[in-house]
Amino acid sequence: MQYKMIVLDMDDTLLTSDNTILSSTKKVLIDAQEKGIKVVLASGRPTGGMLEAAKELKLADYGSYILSYNGAEVIDMATGKLIAATHVSKESFDEVYDYLRSRDVFVLTYIDNTIVYEGTHEYMNVEHELTGLPMNPVDDLKAFVTSNVPKLMGVDDIDKISDMNEAIGGKFNDDIHATTSKPFFLEFMNKEVSKGKVLKQLVDQLGIKQEEVMAFGDSNNDKDMLEFAGLGVAMGNANEGIKEIADVITDDHNSDGIANIVNQYL
């Protein structure tokens, strides 16, 4: 198979435990782009939290792409322009916010590449530490948010988030769906947003066939992306549900898992 696109989740997939890209991974992804293969970063991260990795992989030089906020925003790195956006409405934000706060769950969202939140929680700084984005505390998050947002997130202990995710079953209401990335993050997006759905839109736009896509992931928010790809690859550290639906299981994110698969299949 002649693959024309490689799609990668970031945290615990492209990035190691210390938030860096292995030199072996960097080399194969730049080499692939030199051969005309598009490299796409698809992450629940906000756009600003993906740009450093995009720069390191030279996505702008080769006209590759970013799918941020699980696909709520699509950026053409050649131009740096936002080419698609599908956000959560203010009405839906308020509904999800009320649901989370009624269960005493910490809530955060994103405005202009800033993490906006109220209150405190032991995991409140994790997103900041992962993405490097600034944090802006406000007294009343619901009142502060006056327009659409890319997504919002509930943050709590692993067992509580797992129970809530199971109860929701992926669909919060007719307009919003939910998924997990980190085990203590419950993410809410527009129902039209998922990595798999937005990836399909992008490849259709580029004239790339489904079977010409190779995708790597580890978490629940990678599921439909791996199912869509011609070759869906689960990292060795992926959860069992992701491993079950993957075509191939590779080494973990701290090893040469990505490089080994890319070298083997390309």
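Residues numbered from 1 in each chain as written. Predicted model: local features only at pLDDT ≥ 70, side-chain atom pairs only at ≥ 80, totals over all residues. Heavy atoms only, no water.

Chemist: Describe the packing of aromatic side chains, listing the residues and the values that go with them.
Modeler: Centre-to-centre distance and the angle between the planes together describe a pair of aromatic rings. Going through the model one piece at a time under the given rule, you end up with nine aromatic pairs. On the numbers, 6.5 Å between centres and 70 degrees between planes, the contact of Tyr99 with Phe188 is edge-to-face. Within this pair, whereas Tyr99 is found in helix α3 (residues 90-102), its partner Phe188 is found in strand β11 (residues 185-190), the two being separated by 89 residues in sequence. Neither Tyr99 nor Phe188 differs from the other in exposure class; each is buried. Between Phe106 and Tyr117 the ring centres are 5.8 Å apart and the planes differ by 40 degrees, which places this aromatic pair in the tilted class. In this pair, Phe106 sits in strand β6 (residues 106-111) while Tyr117 sits in strand β7 (residues 114-117), placing the two residues 11 residues apart along the sequence. Taken together, the aromatic side chains of Tyr99, Phe172 and Phe188 make up a single cluster linked through ring pairs. (Phe/Tyr/Trp six-rings, centres within 6.5 Å; stacked < 30°, edge-to-face > 60°. Helix = DSSP H or I, 4+ residues; strand = E, 2+ residues; numbered from the N terminus. Buried < 20%, exposed > 50% of the residue type's maximum accessible area, 1.4 Å probe, protein only.)

Chemist: Give a description of the side chain of Asp9 that names residues and reports values.
Modeler: Structurally, Asp9 can be placed in the loop between β1 (5-8) and α1 (23-34). At 3.0 Å, the side chain of Asp9 and the side chain of Lys195 are in polar contact. Leaving out residues up to four positions away in the same chain, Asp9 has contacts with Leu14, Ala42, Ser43, Lys195, Phe216, Gly217, Asp218, Asp222 and Met225. (Polar contact = N/O pair within 3.5 Å; in protein donor to acceptor, adjacent residues only side chain to side chain. Contact = heavy atoms within 4.5 Å.)

Chemist: So what about the sheet that holds β6? Which residues, and what values?
Modeler: Pairing is mixed across the open sheet formed by six strands, whose spatial order is β8-β7-β6-β9-β11-β10. Both outer strands of the open sheet, β8 (135-137) and β10 (176-180), are each paired with one neighbouring strand and no more. This sheet shows a mean twist of 25 degrees between the axes of neighbouring strands, independent of strand direction. Sheet topology places β6 next to strand β9 (residues 152-155); four bridges connect them, and they run antiparallel. Its bridge partner being in β9, Val107 is matched across the sheet by Gly154. (Pairing = 2+ DSSP bridges. Axes fitted to C-alpha atoms, helices over the stretch in contact; angles between N-to-C directions.)

Chemist: Residue-level account of the environment of Asp251, with values.
Modeler: With respect to the helices and strands, Asp251 occurs in the loop between β14 (248-249) and α10 (257-265). Not counting the four nearest positions on each side in its chain, Asp251 is found in contact with Met235, Gly236, Gly257 and Asn260. Among the polar contacts listed, one links the side chain of Asp251 to the side chain of Asn260, at a separation of 3.1 Å.

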